[in-house]
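A closer look at the structure
Next come the chains, spelled out residue by residue.
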Amino acid sequence: MQKSVKTVKQKFFRILGMLLLIACFSDAFSQSFNPDSITKRFAEYSELNLQEKIYVHTDRELYLAGEILWFKLYNVNTASNKSIDFSKVAYVEIIDKNQKPVLQAKIAIDKGSGSGSLYLPVSLSSGNYQLRAYTSWMKNFSPDFYFEKNIRLVNTLAKPEKKQALNETLNYDIQFFPEGGNMVESLPAKLAFRGIDSQGKGIDFKGTLVDQNNNSLLSFKPLKFGIGSFSFTPENGKSYRALIEIPGSQTIVKELPTVKTGYILQLENSGAEQIKVKLHANEGSSNQQLVLFVHTRQEKKLSESVNLIGGKAEFLIEKNKLAEGISHFTLFNTSGKALAERLYFIRPSSQLNLAIKAEKSAYSTRKKVSIELLSKDEKGLEIDADASVSVFASNANPSDEADIFNYLWLKSDLKGTIESPGYYLKNKDGLADEALDNLMLTHGWRRFVWQDVISKNIPAFGFIPEIDGHIVHGRIIDTRTQAPAKNILAYLSLPGKKLHLYGARSNSSGLVSFHTRDIYGPSEFVAQTDTQQDSTYKIEILSPFSKEYSSTKPYELILKEDLRNQLFTQSLGSQVQNVYSSNKLRTFYPTLVDSSAFYLKPDKTYLLDNFVRFNTMEEVLREYVVEVPVTRQKDDFSVWVTVRPHLVNIPKSVKPLIILDGVPIFDSGNKIIKYDPKKVRSLDVVAQKYFLGALNFEGILNFTTYKGNLPDFQLDTRATIVDYEGLQLKREFYSPVYETAAQTEIRLPDFRNVLYWSPDIKINSDGKKTISFYTSDQENNYTVMLQGISSSGKAGSASLNIQVKK
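This text gives an overview of the structure that appears in the document. Predicted, not measured: the structure shown is a model, and the values here were computed from it. (Residues numbered from 1 in each chain as written. Predicted model: local features only at pLDDT ≥ 70, side-chain atom pairs only at ≥ 80, totals over all residues. Heavy atoms only, no water.)

**So, the overall build of the protein chain**
Looking only at helices and strands, the protein chain has 11 helices and 51 strands in total. Taking the principal axes of its C-alpha atoms as reference, the protein chain extends roughly 100 × 80 × 55 Å. The 806 residues of the protein chain split such that 54% are buried. Restricting to contacts in the protein chain with at least 6 residues of sequence separation, those with at least 24 account for 71%. If you sum the accessible surface of the protein chain, you get close to 37600 Å²; carbon and sulfur atoms cover 48% of it. Averaging the positions of the 99 positive and the 89 negative side-chain charges in the protein chain gives two centres separated by 2 Å. (Helix = DSSP H or I, 4+ residues; strand = E, 2+ residues; numbered from the N terminus. Buried < 20%, exposed > 50% of the residue type's maximum accessible area, 1.4 Å probe, protein only. Contact = heavy atoms within 4.5 Å. Areas by Shrake-Rupley, 256 points an atom, 1.4 Å probe, with all protein chains shown as cover. Lys, Arg positive; Asp, Glu negative; His and termini not counted. Charge placed at Lys NZ, Arg CZ, Asp CG, Glu CD.)

**Quick look at the side chain of Ser571**
Within the secondary structure layout, Ser571 lies in helix H7 (residues 564-580). You can call Ser571 buried: its relative accessible area is 8%. For Ser571, the contacting residues outside a window of four places in its chain are Leu64 and Thr156.

**Overview of the sheet that holds strand S28 (residues 385-393)**
In spatial order, the strands read S26-S51-S50-S28-S48; together these 5 strands make up an open sheet with mixed pairing. Of all strands in the sheet, those bounded by a partner on one side alone are strand S26 (362-363) and strand S48 (754-763). One ladder, built from 10 bridges, connects strand S50 (residues 780-789) with strand S51 (residues 795-804); its direction is antiparallel. Within S51, the residue paired with Met785 across the bridge is Ser799. (Pairing = 2+ DSSP bridges.)

**A look at the sheet that holds strand S32 (residues 500-505)**
The strand order S32-S31-S34-S47 describes an open sheet built from 4 strands, whose pairing is antiparallel. Looking at strand neighbours, the two that pair on one side only are S32 and strand S47 (720-725), the edges of this open sheet. Across the sheet, the axes of successive neighbouring strands diverge by a mean angle of 25°, strand direction being ignored. Taken together, the 6 bridges between strand S34 (residues 522-529) and S47 define a ladder with antiparallel strand orientation. Directly across from Val526, in S47, lies its bridge partner Ile721. (Axes fitted to C-alpha atoms, helices over the stretch in contact; angles between N-to-C directions.)

**Focus: the packing of aromatic side chains**
Per the counting criterion, the structure on display carries 41 aromatic pairs. Measuring from centroid to centroid gives 6.1 Å for Phe86 and Trp137, while their planes differ by 85°, and the two rings are edge-to-face. Note that Phe86 is positioned in the loop between strand S3 (68-77) and strand S4 (89-95) and Trp137 in the loop between strand S7 (127-134) and strand S8 (147-154), a separation of 51 residues in sequence. Residue Phe86 is classed as buried on the basis of its relative accessible area, which comes to 1%. Pairwise contacts between aromatic rings join Phe176, Phe193, Phe205, Phe220, Phe230, Phe232 and Tyr240 into one cluster. Lying over the aromatic face of Tyr724, Lys106 brings its terminal NZ or CZ to 4.5 Å of the ring centre. (Phe/Tyr/Trp six-rings, centres within 6.5 Å; stacked < 30°, edge-to-face > 60°. Lys NZ or Arg CZ within 6 Å of the ring centre and 35° of its normal.)

**A closer look at helix H2 (residues 35-48)**
With 14 residues, H2 extends 20 Å between its outermost C-alpha atoms, agreeing within 8% with the 20 Å of an ideal straight helix rising 1.5 Å per residue. Among the residues of H2, those classed as buried are Pro35, Ser37, Ile38, Arg41, Phe42, Tyr45, Ser46 and Leu48. For H2, the angular spread of the buried residues around the axis is 165°, confining them to a single face. In H2, those exposed residues whose orientation departs by more than 90 degrees from the buried face are Asp36 and Lys40. One side-chain oxygen of the residue at the start of H2 lies 3.0 Å from the amide nitrogen of Asp36, identifying that residue as Asn34. (Expected span 1.5 Å × (residues − 1). Arc of directions from axis to C-beta. Polar contact = N/O pair within 3.5 Å; in protein donor to acceptor, adjacent residues only side chain to side chain.)

**Structural notes on the pairing of strand S41 (residues 657-660)**
Residues of S41 alternate between two faces, with Leu657 and Ile659 on one and Ile658 and Leu660 on the opposite face, all of them buried. Pairing of S41 with strand S46 (residues 700-705) involves 4 bridges; the strand directions are parallel. Within S46, the position partnered with Ile659 by the bridge is Asn702. Bridge analysis of S41 against strand S42 (residues 663-665) gives 3 bridges, and the strand direction is antiparallel. Note on S42: the bridge partner recorded for Leu660 is Val663. Hairpin connection from S41 to S42: 2 residues lie between these consecutive antiparallel strands, with Asp661 at a positive phi of about 50°.

**Some words on the pattern of salt bridges**
For the coordinates displayed, the defined rule picks out 32 salt bridges. With its nearest N and O atoms 3.1 Å apart, the salt bridge here joins Lys72 to Asp386. One end of the pair, Lys72, is in strand S3; the other, Asp386, is in strand S28, with 314 residues separating them in the sequence. Here the two residues Lys72 and Asp386 agree in accessibility, since each one is buried. A salt bridge links Glu698 to Lys689; the nearest nitrogen and oxygen atoms lie 3.6 Å apart. Relative accessible area serves as the criterion here: at 31%, Glu698 is assigned to the partly exposed category. (Salt bridge = Lys/Arg side-chain N within 4 Å of Asp/Glu carboxyl O.)

**Focus: a nonpolar patch on the surface**
A cluster of nonpolar side chains, namely Tyr119, Val122 and Leu157, defines an oily patch on the protein surface of about 290 Å² accessible area. With relative accessibility at 47%, the residue Val122 sits in the partly exposed group. (Patch = residues over 30% accessible without salt bridge, like charges linked within 9 Å, V, L, I, M, F, W, Y side chains within 5 Å.)

**Brief notes about unusual backbone geometry**
Among all residues except glycine, the phi angle is most often negative; among peptide bonds, the trans geometry is most common. Phi angles above zero are rare outside glycine, and Gln99 is one such case at about 60°. Within the secondary structure, Gln99 is located in the loop between S4 and strand S5 (101-108). Look at Asp518: it is not a glycine, yet its phi comes out positive at around 55°. Inspection of the secondary structure assignment puts Asp518 in the loop between strand S33 (511-515) and S34.

**Let's talk about the side chain of Glu185**
With respect to the helices, strands and loops of the structure, Glu185 is situated in the loop between strand S10 (183-184) and strand S11 (189-196). Non-local contacts of Glu185, meaning those with residues more than four positions away in its chain, are made with Pro234, Asn236, Val259, Lys260, Thr261 and Asn282.

**Focus: the pairing of S33**
Side chains of S33 alternate between two faces, with Val512 and Phe514 buried and Leu511, Ser513 and His515 left unburied. Alignment of strand S29 (residues 471-478) against S33, held across 5 bridges, turns out to be antiparallel. Looking at S33, one finds that His473 is bridged to Ser513.

**Describing helix H9 (residues 617-624)**
Among all positions in H9, only Met617, Glu618, Val620, Leu621 and Tyr624 are buried. In this structure, the buried side of H9 is in contact with strand S36 (604-607), strand S37 (630-633), strand S38 (636-639), helix H10 (670-673), strand S43 (680-686) and S46.

All we've got here are geometric facts, nothing functional implied.
Right under this line is the structure:
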């Protein structure tokens, strides 16, 4: 069941409480490290490190400059793969080959789901780009945890770049991975290897293992996708190399990892129900006690003491003690040091089985297509699903690398790129089992560092989760010293008729965090301190986008000849749409936000047109705004608000916060007194004390002009005024209707390459949903792509090909 916002907030504050407790009461490990020790620490660490992961479904995989990329976000709990109602904002970027962002967007998330679009400008060069997505909370962890997907983009309007030919030999990447982490002298070892080309694809090659005297020891070759393994026993004092022969290339020589003393952890299947664990050691006593700890997605599954006799041990583990997915086997000594680690994968049996049914396989142009979407679990029972659907022109089936099921179970928990992840999950024969085990050996990874788990160090979270909305971060600088200023109250506001006002106090590093609500689209921010009290400070607004990048970079774009016709058709359609339907492609849905002021209902509202229009603001306030007395000493005016404190029926005058078109005006009242009252439409008076986050006011005067943009008003030069892009407005997907003869016969050309896109498909518990759309004038093959996840965390996808012809 979907977690409520209240439940998630309670979990977050429980995490903060546990951090305080650990800070006060944490002790070091006892000298005798045992299974209970690691179990306790691991449980504490997991509780403190709630992690989420994002999957992004894009409408397709090949784009042209000038087109729109549509996407749907699925935010799930890493431990359960269930949608999580935690972060309310996701950050989506398009990164070029130099890891520089070319497009960025902030996307609103509701109950683990969000959607958006990115216009790909014609200024972009052809190439592979990387789409990545993450939340503010995810920035506390490695950028390798961010969602990343390769996006192919072709600019058919630009001249192709001339690229210097490279020596293909230099672009091969060959790596070796000892089972358990190290090659240990005189102990039997399993050594996995992986060879890929410049596109990240596995290569076929022949390898020969030789020692330092060039004696050939054995031959090896990849089993699948350039990945394989072999076994041998490294000898004391010897070094080893691999001679790699690639067809059509010269021989590559790779040094193997250095042989060390230490421990070996090996796993083997022992029938269908058990795993054989083999431990070997040539370090320490031949008879010693170790601890084997096993967890699946940060949930402890096994923690046992193991006694080595004669430097080795061997035992069986029942597979049903593990959970589906990737399990981590880690070997510790009695001092709490991790000695060896190994990954093991159990294929998930629970899956969301989605299906697509169309009335026929071929349709004429400008005809209605009705499609039924079906959702069942692994037992064939109908089940609900949050889904997204795209129908796009394509001459090839979509790659399984874009599949939500494959991503959540494999890619999100393994490092680096995985070629054809669907192969490992769909196939269950002996070859696939061996290939899957090799994958675990070559892509081993975990979402934490063991030293962080077993030590008493408190996790340092530099980024707080956005559980209520977008948080705008800034830094306050003392202009006299250029040093960060601490404990300074700052104000953030948006000029306009809708009142947005936020406050925050700077920390020891001068950082401030404004917790905003309902800010959509391009905006202008005014950030300032109270210049009557803090006149020497300047506020800098910081970018919320991550400055950290994963180790994965986009590969060079290589387009095959068979894409020529598709690119021509796609380019023609894109240009026609941009010429004839450009306005419809720029239509956005209106945002549904609360238009009331933060103080809800004022004590009095004055519509100035209902009164005599005086020439000065002083006359307006003195003549009919009875709650606002004005005093004057020579040319210095002061504006007050008359309030009646609680329990004391004696009125008194207090200094209010003065606001003009949403922006605080910090002076005694001179500026507002000198402002032209004929530009002001209304005045709200709050004649009581009011608290707003870190801010508190004795009273409030809120002046609103007719234009709502502070016309002819000069803000303080110390205020920071910046353009800021809020949460992305939702673009309306253009899909014409040809229901009547008149609509069908309209002469406006329709060359859409994407016939349908919907990120908000809700399949109810009956497991059925019907959608419909109309074909365009393009004769082509189209792919219907459906992706989704159930409330119980079951993920799945389905695709169907249809044809459009005249």
